[in-house]
Number of protein chains: 2
Amino acid sequence: MGTRERRQREFAEREQRFLDHARQLICDNGLLNLQMARVARGCDYATGTLYQHFASKEDLLLALNSHLVASRVELFQRVLDWAAPSRERIIAIAVADIIFARQYPEHFRLAQYVTTEAVWRTASPERRNQSLETGRPLGECVGQIVRDAVQAGDLVDQGLNPYELIVGNWTMAQGMHTLVHAEGLLDQYNIREPYRRLLTHQQLLLNGMGWQPVKDAWDEQALNDLLTRIHQQVFPDREDPLSCMAGAAPSFQDNPESL
Amino acid sequence: MGTRERRQREFAEREQRFLDHARQLICDNGLLNLQMARVARGCDYATGTLYQHFASKEDLLLALNSHLVASRVELFQRVLDWAAPSRERIIAIAVADIIFARQYPEHFRLAQYVTTEAVWRTASPERRNQSLETGRPLGECVGQIVRDAVQAGDLVDQGLNPYELIVGNWTMAQGMHTLVHAEGLLDQYNIREPYRRLLTHQQLLLNGMGWQPVKDAWDEQALNDLLTRIHQQVFPDREDPLSCMAGAAPSFQDNPESL
DNA sequence: ATCAAATAGTGAATTTGGTTCAGAATCCGC
DNA sequence: GCGGATTCTGAACCAAATTCACTATTTGAT
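Conventions used here
Residues numbered from 1 in each chain as written. Chains lettered and ligands numbered in written order. Predicted model: local features only at pLDDT ≥ 70, side-chain atom pairs only at ≥ 80, totals over all residues. Heavy atoms only, no water. Helix = DSSP H or I, 4+ residues; strand = E, 2+ residues; numbered from the N terminus. Rg over C-alpha atoms; globule rule 2.2 N^0.38 Å. Buried < 20%, exposed > 50% of the residue type's maximum accessible area, 1.4 Å probe, protein only. Contact = heavy atoms within 4.5 Å. Buried area = accessible area lost by both parts, 1.4 Å probe. Salt bridge = Lys/Arg side-chain N within 4 Å of Asp/Glu carboxyl O. Polar contact = N/O pair within 3.5 Å; in protein donor to acceptor, adjacent residues only side chain to side chain. Nonpolar A, V, L, I, M, F, W, Y, C, P; charged D, E, K, R; others polar. Least-squares fit on C-alpha atoms with pLDDT ≥ 70 in both. Axes fitted to C-alpha atoms, helices over the stretch in contact; angles between N-to-C directions. Parallel < 35°, antiparallel > 145°, perpendicular 65-115°, else oblique. Disulfide = S-S within 2.5 Å.

Undergrad: Just give me the short version of the overall build of chain A, but keep the residues and values in it.
TA: Along its length, chain A carries 13 helices and zero strands. Mapped in sequence order, the helices and strands of chain A form the string α-α-α-α-α-α-α-α-α-α-α-α-α. Its C-alpha radius of gyration of 20 Å places chain A within 12% of the 18 Å reference for a compact globule of 259 residues. Projecting the C-alpha coordinates of chain A onto the three principal axes gives extents of approximately 60 × 50 × 35 Å. Counting every position in chain A, which comprises 259 residues, the buried fraction comes to 58%.

Undergrad: Could you give an account of the interface of chain B and chain A, with specific residues and numbers?
TA: In this complex, chain B contributes 54 residues to the contact, which on the side of chain A involves 55 residues. Contact with chain A buries area across many residues of chain B, yet Glu117(B), Tyr189(B) and Trp218(B) alone supply 13% of it, more than any other trio. Run the count over chain B and chain A and you get four salt bridges. The salt bridge partner of Arg121(B) is Glu183(A), with a shortest N-O separation of 3.2 Å. The interface formed by chain B and chain A includes 15 residue pairs in polar contact (both at pLDDT 80 or more). The set of elements that each furnish at least two residues to the side of chain B that touches chain A consists of α6 (105-115), α7 (117-120), α8 (125-152), α9 (162-181), α10 (185-188) and α11 (194-209) of chain B. Sorting elements by how many residues they give to the side of chain B that touches chain A places α9(B) first, with 14 residues. A per-class count over the side of chain B that touches chain A returns 22 nonpolar, 23 polar and nine charged.

Undergrad: Residues and numbers for the relation of the copies chain B and chain A, please.
TA: Between the two copies, chain B and chain A, the superposition gives an RMSD of 0.1 Å; the rotation angle is 180° and the shift along the axis is 0.1 Å. Such values leave the two copies arranged in the relation of a two-fold axis. A shared binding surface is used by both copies, with 100% of the interface residues of chain B retained as interface residues in chain A.

Undergrad: I'd like a rundown of the packing of helix α6 (residues 105-115) of chain A against helix α9 (residues 162-181) of chain A, residues and numbers included.
TA: Residues and elements named next belong to chain A. Running from amino to carboxyl end, α6 crosses α9 at an angle of 110°, the nearest separation of the two axes being 11 Å. With respect to their mutual orientation, α6 and α9 come out roughly perpendicular. On α9, the residues that touch Pro-105, Phe-108, Arg-109 and Gln-112 of α6 are His-177, Thr-178 and His-181.

Undergrad: Could you give an account of α6(A), naming the residues involved and the relevant values?
TA: The buried fraction of α6(A) is high, at 10 of 11 residues. All of the buried residues along α6(A) are Pro105(A), Glu106(A), His107(A), Phe108(A), Arg109(A), Leu110(A), Ala111(A), Gln112(A), Tyr113(A) and Val114(A).

Undergrad: A description of unusual backbone geometry should follow, citing residues and the corresponding values.
TA: All names here are of chain A. In the segment running from Gln-212 into Pro-213, the intervening peptide bond is cis, with an omega of -10°. On the secondary structure map, Pro-213 appears in the loop between α11 (194-209) and α12 (220-233). Even without a glycine there, the phi angle at Asn-190 is positive, about 55°. Inspection of the secondary structure puts Asn-190 in the loop between α10 (185-188) and α11.

Undergrad: Describe the state of the cysteines, listing the residues and the values that go with them.
TA: Residues and elements named next belong to chain B. A complete count under the given rule lists zero disulfides over all chains for this structure. In this structure Cys-43 is a free cysteine whose sulfur lies 14 Å from that of Cys-27, the closest cysteine sulfur available. Unpaired in this structure, Cys-141 has its nearest cysteine sulfur neighbour in Cys-244, at a distance of 19 Å.

Undergrad: Could you give an account of the side chain of Arg127(A), with specific residues and numbers?
TA: Residues and elements named next belong to chain A. By the secondary structure assignment, Arg-127 is in helix α8 (residues 125-152). Looking at Arg-127, the relative accessible area reads 11%, which means it is buried. Polar contacts involving the side chain of Arg-127 include one to the side chain of Gln-130, which spans 3.0 Å. Here Arg-127 is in contact with Glu-15, His-53, Phe-54, Asp-59, Leu-62 and Ala-63, once residues within four sequence places are set aside.

Quick look at the structure:
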C-alpha cells in the first residue's frame, strides 16, 4: 500500500511549492517584506498549514537557503569536472562564486542574512543541520580539487587537511561578498573592481602557498585570458566573468527579479 | 547665552544613556530580545522620547554599533604607533581584530547583523553615513601602515592604492569571523584553530605579495614568538592572543557579559 | 512675575505580522 | 458507511514596533 508514500510525496511537493512561492515573493518585494500569511495564501493554503512545514519564519528562510544552494552546487560541479590544472580550477571556483553572486543577488542577501548568528540560532537545530548538509557538496568539490593538487604535486600539504589548506581562499571570497554588499563601504576607500581584486589576491595567496605553477599574479592580461577561457570552457551559458567584475553590486532596486 | 548648548549637551547625554542601556540589555538578554520600550523605560523615559533619537530599532542598533567601534579603534591605534617592521604591524592588526572578536563577541554579532544588507538598508541614510564615518579610522590605521610599507620599500604598490593592496587581508579576516560564528560549519570540515589558520594564511598572502621581509609562513614556532611579542609590546593588558587562537567562538551562553 | 507660543515628553492606542488552536473537514481501516 | 485519527483552516491571540493626541515644560516678550 502506497498511501503513506503518496502522502509523504504530496507533503514534500507542497513544501516545494511553499518555498518556490516564498522565493517569488522575496524577488518581488525583498527579503524583509516577506510575510508568512502571504506565502500560505499565495499557495491557497491557510497560515496554519505553512506552520506544519516550518517551525518559524527563520526556519523557512533557512530551508529556502538550503534549497537554493543546489544551483550553486551545479556550477561548482562543473569546475570539478573540468580537465585543467588544479590552480586554474581553484580560480574557476572563485569565478563560479562570483558569477553566482551576480546572477542571484537576492540569494546572496538571503545567505548572508541567515548565516548571521542572530538568525542562525533562531532556526531549529534540524534545519541548521539540513543547511550544513546541503552545503556540504560545495565544500567537497573544493576539497577534491585540493586533494588532486596535492596528489599531482602542485601543492605540499604541510600536515594540514584540504579544508585547512584552502580556508584562506574561502574566507577571502566570503569576506569580499560581505564588503561588496555593504553599500558605500568600498567606495569610501576607493576600492575599484572588487571582484577583480579578489581574484588577484587569490592568485597572490596561491603563490604564497607555493601552489604550482606559480604565476605572475599582477599580470592583468593573463588574468583576462584565463577568465575568457573559464567562461568558454566551463560557463558558456552564463554571464561573462569579465563583465561581472565591472561595476558595483546590483542593488535590489536595479534588479528585483533575482533569486 | 548657553541655553541652546546646554540643551544640546543634555540631548547628547541622554542619547548616550539610551545607548549604554541598550548595550546592557543586549548583554543580558541577547540581540534579538532587545525591546525599544524597555530601553526607554530602563532610562526612565517614555517610548516616544526614544524615537526622538532613533528613527527605528535598526537605527538604534546601527548607532550602537558606531558607538562601540571606538574601542576597536583604540586597539588599532596602538598598532599604528608600534615601532616595528610594517609586516609585523599588519599581523598585529589581524591580532587586534581577533582579540577584539574574542573579548566582545556580542559586539561582533551586532556588527555582523547590522552590516547585513537586509538591516543596513533599513536604517536611515544619515545613520549609515555616521557608521561609515566612525569606522573610517580603522581603515585609516591600516592604510597608513600600508603607506609606510611602500615608503620603506617593503612593498611595491603595483599601481594600486593602499586599500586595494590590503583588501585581501581585510576580506580574509572578515570572512573568517563569519565562518567562525556560523556554528557547526568549521567543525564539519575539521578546520581546527581557525584564527591560527587565519594568521598563517595572512602570512602566505603577504609572501605572495612580496611583502618584505618574506617569512616562512609555515613555521609555527616563529608565529608563536611573534604573537608573544605582540602581546607583550602592544596588548599587555589584553588576553594572550595565543589563548584566543584555541577553541571555538564563545557563545552567548558561555559569556553573556560581553559587549 | 505673567502669559502665550514653541518645544519636548508621555504612554495609551494603533498597527503589523508572526504564531496558535479550537473547531471543521477529510481520510482511513474496518 | 462508521468512528476515530489526522489534517486543514483562519480567526483570534499576542508581542512589540511605531505613532500621535494630549500634557508638561521652557522660552522670550511684556
